[in-house]
Structure formats: structure tokens, C-alpha cells
Amino acid sequence: MLKRYFESIKDEKGQALTEYGLILALIAVVCIAALTLTGTSVSGVLNNIAAQV
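I will try to describe carefully the structure that is included in this document. (Residues numbered from 1 in each chain as written. Predicted model: local features only at pLDDT ≥ 70, side-chain atom pairs only at ≥ 80, totals over all residues. Heavy atoms only, no water.)

## Some thoughts on the overall build of the protein
Moving on, step 1. A tally of helices and strands in the protein yields two helices and zero strands.
Moving on, step 2. Buried residues in the protein amount to 0% of all 53 residues.
Moving on, step 3. If you sum the accessible surface of the protein, you get close to 5200 Å²; carbon and sulfur atoms cover 70% of it. (Helix = DSSP H or I, 4+ residues; strand = E, 2+ residues; numbered from the N terminus. Buried < 20%, exposed > 50% of the residue type's maximum accessible area, 1.4 Å probe, protein only. Areas by Shrake-Rupley, 256 points an atom, 1.4 Å probe, with all protein chains shown as cover.)

Structure, rendered in C-alpha cells:
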């Protein structure tokens, strides 16, 4: 019985897809945060340039 339990723990079918999904979600969150922060910085710079012109 204990041997069967440890064998089921070693069975890694289906884990790869879940891990890829979690990694993809993490990358998406980081990209959205970076684009949001960069967008506000770029907007401020462009507004400063437009005010000086």
C-alpha cells in the first residue's frame, strides 16, 4: 500500500501543463506591470516635451 502511494507521487503526468500555465500567467503579469509603468513614464516625458515646444 505504501509502495503504491510513493509511486503515485512520482507520477508526473499532467504537471508539466500546469507548470507551463503558471509560468505563462506570471510572465503575463510581469509584462502588464512593466508596460503600465513604462507607459506612464513615456506619457510624462512626451507631455514635458510638448510643453517645452
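## Some thoughts on a nonpolar patch on the surface
Moving on, step 1. A cluster of nonpolar residues, Val42, Val45, Leu46, Ile49 and Val53, forms a patch on the protein surface that exposes about 500 Å² of accessible area.
Moving on, step 2. Examined against the element boundaries, isoleucine 49 turns out to sit in helix H2 (residues 15-52).
Moving on, step 3. With relative accessibility at 45%, the residue isoleucine 49 sits in the partly exposed group. (Patch = residues over 30% accessible without salt bridge, like charges linked within 9 Å, V, L, I, M, F, W, Y side chains within 5 Å. Salt bridge = Lys/Arg side-chain N within 4 Å of Asp/Glu carboxyl O.)

Interpretation in functional terms is not warranted from these geometric data alone.
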